[in-house]
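Chain and residue survey
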Amino acid sequence: MLIAVDGPGASGKGTISRALAAHFHLPHMDTGMLYRAVALNLWRWGGDPASEFEALRACDVAAVDPDDPELRSEPISSIASRVSAYPSVRTALLDRQRQFAQQPGGAVLDGRDIGTIVAPDADAKLFVTASSEVRAQRRVRELLERGLPAHYEDVLTDIRARDERDSSRATAPLRQAGDADVLDTTSLNVGEAIAEAIRLVDQRLKK
Ligand code: DC
């Protein structure tokens, strides 16, 4: 069984995807981490995010420690959003995601283009969303819990800029697949959001 979960940053898609993976006993891939790894590589080398060529050279994502706390920092989030707009960077990361999606037994993948590009034939697709204000509050909480600096107004501005970039880029923009179920988590707590996600997936699987 293949489950695709897409949506903007801090919508809750990561938490929901991990819960779906645990519930359905499936492996999970957070594809945003691949773009964050490219961003961190580039940043550490002193590369220029405005250069597609330099971003492509930073695509050796296996070189990045997946537990590096910098991966979730705001500067890296912003660079990840910029480098993810480059078609060559997206192509360089596509095989890894498709292989994960096609493994026997299935998988859960979350990102921006899973239901549209990486796994358009997924059995169930969720598009998880929430208001930008609620997402900024969640991101601030998450950053503070990780011991990273965070200011609400800055994070909100950044989230809106990232939404705009992720949605308006020419290659694989963030958009809802035609056959995705929308899950708006604005007024849901974590438990409610997970329960609704499981219900939507179960409903799709019965169809
Ligand atoms: O989900 P996230 O915030 O960790 O993703 C970081 C950036 O990576 C985000 O700004 C857009 C990009 N991304 C993407 O373009 N495609 C994906 N499948 C996942 C993430």
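To keep things clear, this report deals only with the structure shown in the data block. (Residues numbered from 1 in each chain as written. Predicted model: local features only at pLDDT ≥ 70, side-chain atom pairs only at ≥ 80, totals over all residues. Heavy atoms only, no water.)

Turning our attention to the nonpolar core. Membership of the largest hydrophobic core comes to 31 residues, with the highest contact counts inside it found for L2, V38, V83, V89, L93 and L109. Secondary-structure elements contributing two or more residues to this core are β1 (2–6), α2 (32–45), α4 (74–83), α5 (87–101), β3 (107–111) and α6 (114–118). Among the elements that take part in this core, α2 stands out by supplying seven residues, more than any other. When near neighbours in sequence (up to four residues on either side) are disregarded, L109 contacts L2, I3, A4, V5, M29, T31, Q97, F100, A101, I114 and V118. V5, L26, V128 and A193 belong to the second largest nonpolar core, which has 17 residues in total. (Core = buried A, V, L, I, M, F, W, Y, C linked by side-chain atoms within 4.5 Å. Buried < 20%, exposed > 50% of the residue type's maximum accessible area, 1.4 Å probe, protein only. Helix = DSSP H or I, 4+ residues; strand = E, 2+ residues; numbered from the N terminus. Contact = heavy atoms within 4.5 Å.)

Once that is clear, we can look at the pairing of β1. Counting buried positions over the five residues of β1 gives five, a clear majority of the element. Alternating residues of β1 divide into L2, A4 and D6 and I3 and V5, and every residue in both groups is buried. When β1 meets strand β4 (residues 124–129), the two strands line up parallel, connected through four bridges. Each bridged residue has a counterpart across the sheet, and for I3 the counterpart in β4 is A124. (Pairing = 2+ DSSP bridges.)

Turning our attention to the pattern of salt bridges. Taken as a whole, this structure holds 13 salt bridges when the rule is applied. Of the charged contacts in the structure, one is a salt bridge between R135 and D163, with a shortest N-O distance of 2.6 Å. You can see R135 sitting in helix α7 (residues 132–145) and its partner D163 sitting in helix α8 (residues 152–168), a full 28 residues away along the chain. For the pair shown, R135 and D163 are each scored as buried. (Salt bridge = Lys/Arg side-chain N within 4 Å of Asp/Glu carboxyl O.)

So, about the sheet that holds strand β5 (residues 181–184). The parallel open sheet is built from five strands, whose spatial order is β2-β3-β1-β4-β5. Every interior strand has two partners, whereas the edge strands, β2 (28–30) and β5, have only one. Put simply, the sheet's adjacent strands are angled 20° from each other on average, direction ignored. Here β2 pairs with β3 via three bridges, running parallel. Within β3, the residue paired with D30 across the bridge is D110. Helix α1 (residues 13–24) rests against β1, β2, β3, β4 and β5 of the sheet, and its axis sits at about 180° to β3. (Axes fitted to C-alpha atoms, helices over the stretch in contact; angles between N-to-C directions.)

The environment of the ligand is made up of 16 residues, and the closest members are R36, R90, R112, D113 and R169. Measuring from an oxygen atom of the ligand, one finds a side-chain N or O atom of S84 at 3.4 Å. For the ligand, the protein covers 98% of the area, taking 450 Å² as the surface of the free molecule. Counting residues per element, the ones that place at least two in the shell around the ligand are α2, α4 and α8. In terms of residues, the shell around the ligand owes the most to one element, α2, which gives three residues. Residue classes in the shell around the ligand are distributed as two nonpolar, five polar and nine charged. (Near = heavy atom within 4 Å. Polar contact = N/O pair within 3.5 Å; in protein donor to acceptor, adjacent residues only side chain to side chain. Areas by Shrake-Rupley, 256 points an atom, 1.4 Å probe, with all protein chains shown as cover. Nonpolar A, V, L, I, M, F, W, Y, C, P; charged D, E, K, R; others polar.)

What follows covers the environment of Q137. Along the chain, Q137 turns up in helix α7. With 52 residues separating them along the chain, Q137 and N189 place their C-alpha atoms 13 Å apart.

Time to look at unusual backbone geometry. Comment: phi is negative for the bulk of residues other than glycine, and the bulk of peptide bonds are trans. Of note, the phi angle at A10 is positive, near 60°, even though the residue is not glycine. Structurally, A10 can be placed in the loop between β1 and α1. Residue class for A10 comes out buried when judged on its relative accessible area of 16%. If you check the backbone angles, A172 has positive phi at about 45° while not being a glycine. Here A172 lies in the loop between α8 and β5.

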